[in-house]
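Examining the three-dimensional arrangement
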Amino acid sequence: MIVNTVIEYLLANPSIIVAGIALYTLIVALSFFLSSPKPGPNPFAVDRRKPPKDVEFDQALRDKVLKQGFSMRKVPEDLDAVIIGSGIGSLATASLLSQVGRKVLVLEQHDQAGGCCHTFIEKGYEFDVGIHYIGQMFGETMTKILTDQVTGGQLVWEQLEDAFDIVALGDPAKARKYEYRSTKEGLRAGLLEAFPKEQEAIDKYLNMCKDIKLNSSMDAILKMLPMWIAKIVVKTGIYSLFSKCFHYQNITLKEAVDKITDNEDLKAVFSYNWGDYGTQPKKTTMAMHAAVQNHFLNGGFYPRGGASEIALNIIPIIERSGGRVFVRAPVSQILVNEQGKACGVRVTKSTGDFDIKAPIVISGAGVVNTFQYLLPKEIATKSAIYKLLQRNAVKSGMSMISVFAGLKGTTEELGLKKQNVWAFNSSDLDGEFDEFCAKTPEDAVKGDVPLMFLSFPSTKDSTWEQRHPGKSTVAIVTIVPWEWFKQWEVQQVKKRCEEYEDLKNGIGRQMWKQACLMYPQIEDKLDYFEVGSPLSNKYYIGSPKGEVYGLDHDKARFGSPEVAMTLRPDTDVPGLFLTGQDVLSCGFSGGLHGGLLCAGKVLNRNCFMDLVKFKKQLKQAKDKKQE
């Protein structure tokens, strides 16, 4: 249908055909004269998957992999690349490079590798800090195949309930609850059961999500093209002939659902999981939200053994090529030589500064950290990415508070399910949140929290009862203004003032109270309670303003093809590359694919197309085996 429309348009406007031929000729000619170096090896030339091993229960053995402390004497010689940060983007890039023989050093400032994929254990309770559920982890989807290749096929993904998300609107004690089910058919049926008079609106919404999926690749294509070609494509506007990507990126989620229906509860259900990327419906784009909806169209999945299994199974792959992953290795500066090329990093510890040289520097620390704090200012200010920050075209996302609650009792005893709950005080998602953020911190503690995400990690992992018998966990997350907490960022972690503790714990206790209204059976089972603030996020994962999703996922960022092509793995600082969430989008899948694009740029090949071809080969082999 799209192809026919484009053909009809071109036939009605022959001048565009002439211009296109001329542009194609120009690109071919320039490609000849500006040909790039020979492509590097293909990370997908070999199927790296092996039968998954049993989950390792011995925490001491796990720590030997995940908590290898930095020492200059242990740094490998003749490094091919050094990577800042150990989130999924960094680990994915390191794994793919290592699989083609590159020697990579990954440096993590925290005491455990994994970034938002790490877990922590207190009083026998294990908590994930960022991996609550992931989509597309079934069969041979692109995300599943890429994850398998990066981890050697060692992760086993367990599916959540068919109704993996519950949307709860109104008073927590008697909230109106709506199921968000797996598969398009199941989702449509569930929505029609809840809103029998809204068939037209439901179909419009689902069809819009499908259309966006068909038109979503242009953003990534602009990042994969050589910059000079991307500039031609953007300046001429030629991209709009082939994709409606930026059309949908310039419609906010709120604008889209307001046009579809007048039913306020249905609008809220359409928009419910904006917390998955941390930008309000009135500020984010319909395309961004649809990408998340499409990602979870076939349900949610969780890694057997917990989120720390991710880093645990990637690190040995990096080590097999002579690389290492060190923790307690805070990078304070990206080193740049006299020619302006990134040539290494400086690790600063209490024992002194340690300079590590490498021909390639890859930052998984995020755009803000990289260009405002790690690069020398005289180098950073010349970059187009720095200019995006200066004019607020991109900025840090919203900060978050997390409650970690340990409960006495098993999943069965407590009647908990493998699902998440998104709880809102009303169906006016933007209005309620605006009112909350407009409060003073003192007033915020006294009232309800308008948005809460509740997750039960202990229900999602089949090995949980073996590892933590008789215990269950609840994680509760909300979004808060960074400004409420920034005055205390200079104070030492775990030794901050009473005023800070009162604010953090006051909001946390209110979140717990609202959770208990929805799940009264957990109220008297509380055995462990901890609250992580935006300052906790800044300390443990290095986020500048306590955000967990990197750059804000708003219209200013995603509605501009110029921003799309500028936020790319290969920066305009020679030798410096970016990986992770800020390259594409947030979350495990966004960071993972950001890592794929980065590996491709470092190897000077289109690793995305390599993955596509690899997927086809796997399907052909499977079909042949079934004959």
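Each remark here, short or long, concerns the structure printed above.
Looking at the overall build of the protein chain
The secondary structure content of the protein chain amounts to 28 helices and 19 strands. The C-alpha radius of gyration computed for the protein chain amounts to 24 Å, which stays within 12% of the reference 25 Å derived for 627 residues, consistent with globular compactness. Principal-axis analysis of the C-alpha atoms gives the protein chain an extent of 70 × 65 × 60 Å. Burial statistics for the protein chain: of 627 residues in total, 57% are counted as buried. Counting only carbon and sulfur atoms, one obtains 53% of the accessible surface of the protein chain, whose full area is about 26,700 Å². The averaged location of the 73 negative side-chain charges in the protein chain is 6 Å from the averaged location of its 76 positive side-chain charges.

Quick look at the nonpolar core
In terms of nonpolar packing, the biggest core is built from 86 residues, with Phe-424, Met-452, Leu-454, Ile-476 and Phe-485 touching the most fellow members. Of all the elements, helix H23 (residues 498–518) adds the most residues to this core, at 8 residues. Other than its neighbours up to four places away in sequence, Leu-454 contacts Gln-419, Asn-420, Val-421, Ala-423, Ala-475, Ile-476, Ala-515, Met-518 and Tyr-519. In terms of nonpolar packing, the next biggest core, distinct from the first, is built from 49 residues, Ala-92, Ile-145, Ile-362 and Ala-599 among them.

Structural notes on a negative patch on the surface
A surface patch of negative charge is lined by Glu-442, Glu-498, Glu-499 and Asp-502. Here the element with the most residues in the negative patch is H23; it accounts for 3 residues. Turning to its location among the elements, Glu-442 is positioned in helix H20 (residues 441–446). Overall, Glu-442 belongs to the partly exposed group, its relative accessible area being 46%.

Some details on helix H14 (residues 309–320)
The element H14 is largely enclosed, with a buried count of 9 among its 12 residues. Where H14 is concerned, the buried positions are Glu-309, Ile-310, Ala-311, Leu-312, Asn-313, Ile-314, Ile-315, Ile-317 and Ile-318. The inward-facing, buried residues of H14 abut helix H3 (59–66), helix H4 (88–98), strand E2 (104–107), helix H5 (142–151), strand E9 (324–326) and helix H27 (587–603). Phi turns positive, to about 90°, at Gly-322, one or two residues after H14.

Focus on unusual backbone geometry
Negative phi values dominate among residues other than glycine, just as trans dominates among peptide bonds. With a phi close to 50°, Lys-123 is a non-glycine residue in the positive phi region. Note on placement: Lys-123 falls in the loop between strand E3 (119–122) and strand E4 (125–128). Judged by relative accessible area, which is 52%, Lys-123 ranks as exposed.

Observations concerning the pairing of strand E15 (residues 420–424)
The buried count for E15 comes to 5 of 5 residues, which makes it a mostly enclosed element. Burial of the side chains of E15 extends over both faces: Asn-420, Trp-422 and Phe-424 are buried on one face and Val-421 and Ala-423 on the other. Here E15 pairs with strand E16 (residues 451–455) via 4 bridges, running antiparallel. Within E16, the position partnered with Ala-423 by the bridge is Met-452.

Observations concerning the packing of H4 against H14
At a minimum axis separation of 9 Å, H4 and H14 run at an interaxial angle of 30°. Judged by the angle between their axes, H4 and H14 are roughly parallel. With respect to the hand of their crossing, H4 and H14 are arranged in left-handed fashion. Seen from H4, the contacting residues are Ile-88, Leu-91, Ala-94, Ser-95 and Ser-98; seen from H14, they are Ile-310, Ala-311, Ile-314, Ile-317 and Ile-318. Split by residue class, the contact of H4 with H14 holds 8 nonpolar, 2 polar and no charged.

As for the side chain of Gln-419
Structurally, Gln-419 is set in the loop between helix H18 (411–414) and E15. Residue classification places Gln-419 among the buried residues on the basis of a relative accessible area of 11%. There is a polar contact of 2.8 Å between the side chain of Gln-419 and the backbone oxygen of Ala-163. Setting aside anything within four residues of it in sequence, one finds Gln-419 in contact with Leu-160, Glu-161, Ala-163, Phe-164, Ile-166, Leu-454 and Phe-456.

Examining the sheet that holds strand E10 (residues 331–336)
Strand order in this open sheet of 3 strands is E10-E11-E12, and the pairing throughout is antiparallel. At either end of the open sheet lies a strand with only one pairing partner, and these are E10 and strand E12 (352–357). Geometrically, the sheet is characterised by an average inter-axis angle of 25° between neighbouring strands, direction not taken into account. Judged from the 5 bridges that link them, E10 and strand E11 (residues 342–349) form a sheet pairing that is antiparallel. In the strand pairing of E11, Gln-333 is matched with Arg-346.

The rules we used
Residues numbered from 1 in each chain as written. Predicted model: local features only at pLDDT ≥ 70, side-chain atom pairs only at ≥ 80, totals over all residues. Heavy atoms only, no water. Helix = DSSP H or I, 4+ residues; strand = E, 2+ residues; numbered from the N terminus. Rg over C-alpha atoms; globule rule 2.2 N^0.38 Å. Buried < 20%, exposed > 50% of the residue type's maximum accessible area, 1.4 Å probe, protein only. Areas by Shrake-Rupley, 256 points an atom, 1.4 Å probe, with all protein chains shown as cover. Lys, Arg positive; Asp, Glu negative; His and termini not counted. Charge placed at Lys NZ, Arg CZ, Asp CG, Glu CD. Core = buried A, V, L, I, M, F, W, Y, C linked by side-chain atoms within 4.5 Å. Contact = heavy atoms within 4.5 Å. Patch = residues over 30% accessible without salt bridge, like charges linked within 9 Å, V, L, I, M, F, W, Y side chains within 5 Å. Salt bridge = Lys/Arg side-chain N within 4 Å of Asp/Glu carboxyl O. Pairing = 2+ DSSP bridges. Axes fitted to C-alpha atoms, helices over the stretch in contact; angles between N-to-C directions. Parallel < 35°, antiparallel > 145°, perpendicular 65-115°, else oblique. Left-handed = near helix turned anticlockwise from the far one by under 90°. Nonpolar A, V, L, I, M, F, W, Y, C, P; charged D, E, K, R; others polar. Polar contact = N/O pair within 3.5 Å; in protein donor to acceptor, adjacent residues only side chain to side chain.

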